[in-house]
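# Survey of secondary and tertiary structure
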Amino acid sequence: MDMALPGAGAPREDEVVREEVVVNGRCYRRPARTTVVICFDGCDPAYVEAAARAGVTPALERMRREGVDVLAEAAMPTFTNPNNVSIVCGAPPAVHGVAGNFYLDRATGETVMMLDAALMRAPTILAGLAGIGEKVAVVTAKDKLRKALAFGLEGIAFSAERAEGTSEAEHGIADAAGLVGLARPDQYSAELSLYVLDAGIRLIETGHARLLYLSLSDYVQHKYPPAAPEALAFMAAVDSRLARLAKLGAVVAITADHGMTDMARADGTPRVTYLGDVLDAAFGAGATRVICPITDPFVRHHGALGGFVRVHILKEGIDPQAVRAAIARQEGVELVLSGAEAAARFEMPADREADFVVTGTEGTALGARAEDHDVGQLAGERLRSHGSLHEQRVPFILSHPLTQDGDTAHLRNFDIFDVALNRVG
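Now for a look at the structure at hand.

Cut-offs used in this document
Residues numbered from 1 in each chain as written. Predicted model: local features only at pLDDT ≥ 70, side-chain atom pairs only at ≥ 80, totals over all residues. Heavy atoms only, no water. Buried < 20%, exposed > 50% of the residue type's maximum accessible area, 1.4 Å probe, protein only. Helix = DSSP H or I, 4+ residues; strand = E, 2+ residues; numbered from the N terminus. Contact = heavy atoms within 4.5 Å. Salt bridge = Lys/Arg side-chain N within 4 Å of Asp/Glu carboxyl O. Axes fitted to C-alpha atoms, helices over the stretch in contact; angles between N-to-C directions. Parallel < 35°, antiparallel > 145°, perpendicular 65-115°, else oblique. Nonpolar A, V, L, I, M, F, W, Y, C, P; charged D, E, K, R; others polar.

## Digging into helix α2 (residues 58-66)
Within the span of α2, buried status applies to Ala 59, Leu 60, Glu 61, Met 63 and Arg 64. Against α1 (45-54), β5 (68-73), α11 (229-247), β11 (251-255) and β20 (393-398) lie the buried residues of α2.

In structure tokens form, the structure reads like this:
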């Protein structure tokens, strides 16, 4: 594994020695003070701006004034798992191997859900720093991410969803729920994310951790647009936790795994192009398979619909170029790339790519067959989702100013640990 302490010369008398670790070709310094990196799931920049206009996020606005406030680019596809893993690895999916929440294994023909670390091909920054003695903790909203983010970690890792019954052996902490002191929130609620933040605060207060990664849920962003009262109330609740972290003296770094786009028509019905139905009609049922990599067990708020899909050709004798042309003709399709083209352009693992990768135009969701998606579960709400190029722009905010010069105009969301640990005093 690519983890090793680099050699260092003799320090100056006025120089504080900080240990370093190399992870995936990048060097990370041990934090000088308590450092909290937050993946604000689904936090499109529009939510930050709407909250600022409403005056409900004074702590966040202080961070933006006094620290770093820029936009960064998320990894493709703009889904939760690839981007969370990219952030903790400091590298794109081509390095760590995770390019979706769900994919088709070419070798077996079986669909694979990412529920553990089995797809991970690279070590994490968290494991690297824990390996040199740092107190590290990971708290996620959903348990599906915990094992991947805690890959190789000798530290604390638990989820808000399953904080009850944690053990030292599996989670690095016994009775996390007792430590936090709050009732378990519903998985479809704003409180799930707030629990993550409250847990992080308690871990700092009790001396359990100095470097924390807190990964929230995008339930609110899927459900409400930026200026909705519910979204503003959530932003205010998050802000109160940011204020508490500031009082604890922590360096706080915030980015997101993806933005969020309204994918509904003026009348409120979902704007969806069902490529599975199109390809079945053109080439016959079972000739192709459309995989929606946004798919996970938590689909009530997006109906397993997003702006990125993969298309596999399953039957011999099908002309790939005819498939490509059929897809490209469809309304709502922005890009159709071969697997090799997509892997090169989006820095994804080539051996896990489909025959084609398809991205949607802004405001259009892509699906398999209509019968595969239960849009009725949206219960009259507008479809808001992500996955395409149009959800790549995300916030990149730090509570403290930079002590080292460097480019902040071309940041990726997975540069957040580099900036927080290496460029903040």
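## Notes on α1
Within α1 the residues assigned to the buried category are Pro 45, Tyr 47, Val 48, Ala 50 and Ala 51. Those residues of α1 that are buried are in contact with α2, β5, α10 (219-223), α11, β19 (384-385) and β20. At the exit of α1 stands Gly 55, carrying a positive phi of roughly 70°.

## A few points about the pattern of salt bridges
Applying the stated criterion to the full structure yields 25 salt bridges. Across the pair Arg 324 and Glu 341 runs a salt bridge whose closest N-O atoms are separated by 2.8 Å. Taken together, the residues Arg 324 in helix α13 (residues 320-328) and Glu 341 in helix α14 (residues 339-346) connect sequence positions 17 residues apart. Take Arg 324: its relative accessible area is 21%, and that puts it in the partly exposed class. Three or more residues are tied together by salt bridges with common partners; here these are Asp 143, Arg 146, Glu 161, Arg 162 and Glu 170.

## As for unusual backbone geometry
In this model, Met 76 is joined to Pro 77 through a cis peptide bond whose omega is -5°. Its place among the elements puts Pro 77 in the loop between β5 and α3 (80-89). One non-glycine residue, Asn 24, lies in the positive phi region at around 55°. Its place among the elements puts Asn 24 in the loop between β2 (20-23) and β3 (26-29). Look at Asn 24 and you get buried, because its relative accessible area is 18%. Positive phi is not limited to glycine here, since Asp 175 has a value of about 55°. For Asp 175, a relative accessible area of 45% translates into the label partly exposed.

## What to know about the side chain of Thr 34
If you trace the backbone, Thr 34 turns up in the loop between β3 and β4 (35-39). You can call Thr 34 buried: its relative accessible area is 15%. With residues up to four places along the chain from it excluded, the contact list for Thr 34 reads Ile 204, Arg 210, Leu 212, Gly 249, Ala 250 and Val 251.

## Digging into the packing of α1 against α2
Where α1 contacts α2, the two axes come as close as 10 Å, and the packing angle between them is 110°. Overall, the two elements α1 and α2 adopt an arrangement that is roughly perpendicular. Residues Val 48, Glu 49 and Ala 52 of α1 pack against Leu 60, Glu 61 and Arg 64 of α2. Residues belonging to the contact of α1 with α2 are distributed by class as follows: 3 nonpolar, no polar and 3 charged.

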